[in-house]
Amino acid sequence: MSFLSLAFLAALPLAAAPILLHLFDRRRHVVIEWGAMQFLLEAATRRTSARRLKQWLLLLLRVLAIAALIFALAQPLLPGNWLGSTDRGETIIVLDNSLSMQRKADGTSLFELAIERAIETVGDVQPGDSVRVLLSSPYPVWALGGSIRVDSASRPVIEDQLQELRPTTGRSDLLSSLFEAVQAEIEPTQRRRRILLLTDGQGSDWSIPDEGGWQRFREVLTAAAVPTQLDIVELGRGNRQSGNVAVNSVTASRTVVGVNQTFSLTAQVQNYGRSTTPSGSVTWLVDGVDEYDSQVPSLDGGQVHDVVWHHSFGETGIFALKCRVDANDELTPDNEETVVVEVVDEVPVLVLETAPELSELQRDAFFVQAALGRLGDDATAGQGVFVPQLVDEQRLDRLHLDDYRAVVIPNLTVLKPDLVAKLQEFVSAGGGLWIALGPRTDVEAFNQHFFADSGGLSPLALDGIADEAAQQTTESGHSVQTLIDAQVNEHPAIAALADSERLDTGDVVVEQRFRFVPPPEGEGASVLLGLSNGEILAAEKYVGRGRVIVQGIPLRLQWSDLARSQAFVVMIQDWLAYLTQPRATRHNLSPGDPITLHIADAGNRDATLHTPHGDEIELTADAAGDGFVFRSSRTVLPGDYVLELGTLGDRVPFHVSRDPQESNLASLTTADHEVLADLSGLSRTTAEASISGTSFDNPLWPLLFMTLIGMIVAELLLSGMIARERFGSDPIAETTEQFGEISSMSLPPVGAPLVSAESKPAATRRSDFAGVGK
């Protein structure tokens, strides 16, 4: 026996308190013998032994009650099953339901083999034991509705529910799953636990680099409250394919395009095997219909190849474009990937013209309009989806900015504080703002209203105008040109600008510019473009849901030759696409990103979300501004989602991308198994690796508390019985007549008998104790 609170045993001598009180209470009574006493003694003799037995029993109950209370507070434990409790166990089946479990071995997928093994395990579980099932992908989640007690009725139900489980196209987090299984709640009658992990041994699911996590897992497993056995079964080890060709991703040059606007799609195809694969083909599909075939050359082990397709749509809509590679391997779900593209008539943007009185060629917005393919009321052949609307400061102040996706200021002048506040509210709601600084920009006003001590729209404060042409010279006296550097950062907005083979971004000469004040030490700025002298030319800032880009040169032929370069058109298109993205519907998501769709139709507030597993989730739109919005965060599963709107049947596609690492089927190496064995105690075996936790002790104090309650009740009953025998059970008469008689009686003198023999009839005196002893 052991105790959790051994210090309480020091109070055990208090159990003798009732005995001591009994001894101290004993008094010597003065014996006064009188004539009839012998008759009373004879009558009480037969009751003395029974009363004394009850009194000793009462004293024993009081001693035992105090002792039971002290022992209960000390919380004793009895090892094993001394209390006769039922030795129940629990089996937790951890199922690896990741993408790699869908590969086949002899025509059967590894996940199907895992289900068969799980059903066999349930069949071997003893009646009365419990079973749980934990799925490991995309994160640990309990299946079957929790723990189920196994009997003849529940066993077929468990097997049917196991048959209904399906694999995902995501990754497994086996370390987190094992943590979840070991730390699962333990039932009071549970005495042992077995954890069975069914996996394919894929190396990327084991989080080998997380050494601290595996060490903590070993500590948790060792300290388990019940003996815990961990069995790891690696399925399909004897029949593993060494090669796998997969489509890692499909990206579009623009996800929002105009009608008849050509855009490019790039599919990344990779050979995850070691041997060279033969040449093949990929098929491009639009909403499930084959549209185009591209060729893929033979790929060496680990080689990546990009397949490019140029396409355009002749009508508006939202389209799911899929690339499928024709690969002869055992893992088919990763042979395809999807990207969703929205085709619109136009994306409205505002361009602030600060010199509307000048001729068209001299206006600040002229080159922006030309880059967008729209000069005046005519559209050029190269027009894009962005439709610029020119406004002056007065009209901008009156417009409702929610109707536009972005605002471009090609050459900033001094703006009224109210207009700056209006722009900040617009950006916070998801709008985009592009500010180009020029000769008419006031440094003090900019720092006061746009930078506002880091609380405004600008990411950096302004220092002043820098004359690059006059500042840099060589030792021989020749001037050094300051060029734009697009290689300063990896950013989606400058991916095309950084391609020096296609564009002349690095040849643009900057003669004058605004110099930004460097950020404080320890704080960085998101730089889009730099200069060859190492300084910042353009930076961005997130304000609420929107984005702001500030650049140190105007968007015209002034201070640089940017406006006449090939890169200028690409920069205008790409940066507007980047700035307008927050207000556009995001159809291409990562796991966990919410699905959000804004609608203006008030009569269509119900929708159904179809998940990759075929589940249907009913959604109701919430009021948002002048319309409604559907939201759902149930996007943890990679794959294709479809939002079906109400009774109209409009279907809006969404896609959640998967992790390409799940296509790498490389299993745990010998070195990996050694690392696991060192960190967590898991040994390499296809059968099982068993680790036992701490032994289990039965808590005795609940039984002691119940016994204490019983003894207190028995003590109360016994005390009542003794009291009734001693004092009788007849109630005391409470009448006014008796009190009146007593009060009217005259008391005899002190020392005189209360009742004299003469005052009482002789017959009464003779018969007072006539019945005693009969």
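Rules used in this analysis
Residues numbered from 1 in each chain as written. Predicted model: local features only at pLDDT ≥ 70, side-chain atom pairs only at ≥ 80, totals over all residues. Heavy atoms only, no water. Salt bridge = Lys/Arg side-chain N within 4 Å of Asp/Glu carboxyl O. Helix = DSSP H or I, 4+ residues; strand = E, 2+ residues; numbered from the N terminus. Buried < 20%, exposed > 50% of the residue type's maximum accessible area, 1.4 Å probe, protein only. Contact = heavy atoms within 4.5 Å. Axes fitted to C-alpha atoms, helices over the stretch in contact; angles between N-to-C directions. Parallel < 35°, antiparallel > 145°, perpendicular 65-115°, else oblique. Nonpolar A, V, L, I, M, F, W, Y, C, P; charged D, E, K, R; others polar. Core = buried A, V, L, I, M, F, W, Y, C linked by side-chain atoms within 4.5 Å. Pairing = 2+ DSSP bridges. Patch = residues over 30% accessible without salt bridge, like charges linked within 9 Å, V, L, I, M, F, W, Y side chains within 5 Å. Areas by Shrake-Rupley, 256 points an atom, 1.4 Å probe, with all protein chains shown as cover. Phe/Tyr/Trp six-rings, centres within 6.5 Å; stacked < 30°, edge-to-face > 60°. Lys NZ or Arg CZ within 6 Å of the ring centre and 35° of its normal. Lys, Arg positive; Asp, Glu negative; His and termini not counted. Charge placed at Lys NZ, Arg CZ, Asp CG, Glu CD. Expected span 1.5 Å × (residues − 1). Arc of directions from axis to C-beta. pLDDT = per-residue confidence, 0-100.

Asks: Explanation requested: the pattern of salt bridges in the structure shown.
Replies: Proximity of charged atoms lets side chains of opposite charge pair with each other. Inspection of the entire model under this criterion finds 22 salt bridges. As a salt-bridge pair, D640 and K322 come within 3.4 Å of each other at their nearest N and O atoms. Pair noted here: D640 is in strand 37 (residues 639-645) and K322 is in strand 16 (residues 317-325), with a separation of 318 residues, a long-range link. You can call D640 partly exposed: its relative accessible area is 33%.

Asks: Would you mind going over the side chain of E715 with me for this structure?
Replies: Of note, E715 is situated in helix 14 (residues 701-727). With a relative accessible area of 15%, E715 lands in the buried category. When sequence neighbours within four positions are dropped, the list of residues in contact with E715 reads L58, L61 and R62.

Asks: Teacher, can you tell me more about the packing of helix 3 (residues 110-124) against helix 4 (residues 154-163) here?
Replies: Between two packed helices, the angle of one axis relative to the other and the distance separating the axes together describe the packing. In the contact formed by helix 3 and helix 4, the axes pass within 10 Å of each other and the chain directions differ by 170°. Looking at the two axes, helix 3 sits roughly antiparallel to helix 4. In this structure, helix 3 contributes I115, A118, I119, V122 and G123 to the contact, and helix 4 contributes R155, I158, E159, L162 and Q163. Grouping the amino acids of the contact of helix 3 with helix 4 by side-chain chemistry returns six nonpolar, two polar and two charged.

Asks: Which parts of the structure should I look at to understand the nonpolar core?
Replies: One recurring pattern in soluble globular proteins is that nonpolar side chains are buried together. W434 and W575 are the most contacted members of the largest nonpolar core, which has 44 residues in total. Counting residues per element, the ones that place at least two in this core are strand 18 (347-352), helix 7 (366-371), strand 22 (406-409), strand 23 (432-436), strand 28 (526-531), strand 29 (536-543) and helix 12 (566-579). For this core, the element with the highest residue contribution is helix 12, accounting for eight residues. Ignoring sequence-local partners within four residues, the contact set of W575 consists of W434, A493, I494, L497, L528, L529, A538, I549 and Q551. By size, the runner-up hydrophobic cluster in this structure holds 33 residues, among which are L401, V543, V548 and W559.

Asks: Any chance you could explain the pairing of strand 13 (residues 280-286) here in plain terms?
Replies: In the case of a regular strand, side chains alternate between the two sheet surfaces. Along strand 13, five of the seven residues are buried, which leaves the element largely enclosed by surrounding structure. As defined by bridge partners, strand 13 adjoins strand 14 (residues 289-296) across seven bridges and the pair is classed as antiparallel. The residue bridging W284 from the neighbouring strand is Y292, located in strand 14. Bridge count between strand 13 and strand 16: five bridges; the pairing is antiparallel. Residue W284 lies in a different strand from strand 16, and its bridge partner there is C323.

Asks: Teacher, can you tell me more about the sheet that holds strand 36 (residues 627-632) here?
Replies: Within a beta sheet, neighbouring strands are joined by backbone hydrogen bonds and run either parallel or antiparallel to one another. Strands sit in the order 32-36-35 across an open sheet of three strands; the sheet is antiparallel. This sheet does not close on itself; its edge strands, each paired only once, are strand 32 (595-599) and strand 35 (622-624). When the angles between neighbouring strand axes are averaged without regard to direction, this sheet yields 35°. Pairing of strand 32 with strand 36, which is carried by five bridges, proceeds in the antiparallel orientation. Counterpart to H598 in the pairing with strand 36 is V629.

Asks: Help me understand the sheet that holds strand 15 (residues 304-311) in this model?
Replies: Reading across from one edge, 10-12-15 is the order of the three strands in this open sheet, with antiparallel pairing throughout. Each end of this open sheet is capped by a strand with a single partner; those strands are strand 10 (245-252) and strand 15. Strand after strand, the sheet turns through a mean of 20° between neighbouring axes, direction not considered. Taken together, the seven bridges between strand 10 and strand 12 (residues 263-271) define a ladder with antiparallel strand orientation. Its bridge partner lying in strand 12, V250 is registered against A267.

Asks: I keep staring at the pairing of strand 12 and nothing clicks. Help me out?
Replies: Most of strand 12 sits out of view: seven of its nine residues are buried. Summarising the sheet, strand 12 and strand 15 pair through eight bridges and their orientation is antiparallel. Across the sheet, the residue bridging to L265 is W309, located in strand 15.

Asks: What should I look at first to understand a nonpolar patch on the surface in this one?
Replies: A contiguous nonpolar surface patch, about 310 Å² in accessible area, is contributed by F8, L69, L73 and F705. Note on placement: F8 falls in the loop between strand 1 (2-3) and helix 1 (17-25).

Asks: Explanation requested: the packing of aromatic side chains in the structure shown.
Replies: Two aromatic rings, taken as a pair, are described by how far apart their centres are and by the angle between their planes. Counted according to the given criterion, the structure contains 11 aromatic pairs. Ring geometry for W206 against W214: centres 5.9 Å apart, planes inclined by 25°, an arrangement best described as stacked. Three or more aromatic residues joined by ring pairs form one cluster here, namely F179, W206, W214 and F217. Its end group placed over the ring of W142, R132 keeps NZ or CZ at 5.3 Å from the ring centre. The aromatic ring of Y578 is capped on one face by R547, whose charged end is 4.1 Å from the ring centroid.

Asks: Help me out: how do you make sense of a negative patch on the surface in this one?
Replies: On the surface, E112, E116, E120 and D124 cluster together to form a negatively charged patch. Tracing the chain through its elements places E112 in helix 3.

Asks: Can you help me understand helix 9 (residues 417-428) in this one?
Replies: Turn by turn, an α-helix covers 3.6 residues, leaving residues three or four places apart pointing in a common direction. The end-to-end C-alpha distance of helix 9, which contains 12 residues, comes to 17 Å, matching closely the 16 Å that a straight helix rising 1.5 Å per residue would cover. Every buried residue of helix 9 is accounted for by L419, V420, K422, L423, F426 and V427. Buried residues of helix 9, viewed axially, fall in a sector of 160°; they line one side. Across helix 9 from its buried face, at more than 90 degrees, point the exposed residues D418 and E425.

Asks: Even after reading the chapter, I still don't get the confidence of the model for the protein, so can you show me in this structure?
Replies: Note: predicted coordinates in regions of low pLDDT should not be interpreted at a detailed level. With 83% of its residues at a pLDDT of 70 or more, the protein has an overall mean of 83. Predicted confidence for residues 735-774 stays below pLDDT 50, and this span has 11 contacts to residues more than four positions away or in other chains.

Asks: In this structure, what is going on with helix 12? I would like to understand it.
Replies: Here helix 12 is 14 residues long and its end C-alpha atoms lie 21 Å apart, about the 20 Å a rise of 1.5 Å per residue gives. A large share of helix 12 lies buried, amounting to 10 of its 14 residues. Among all positions of helix 12, only A567, F568, M571, I572, Q573, D574, W575, L576, Y578 and L579 are buried.

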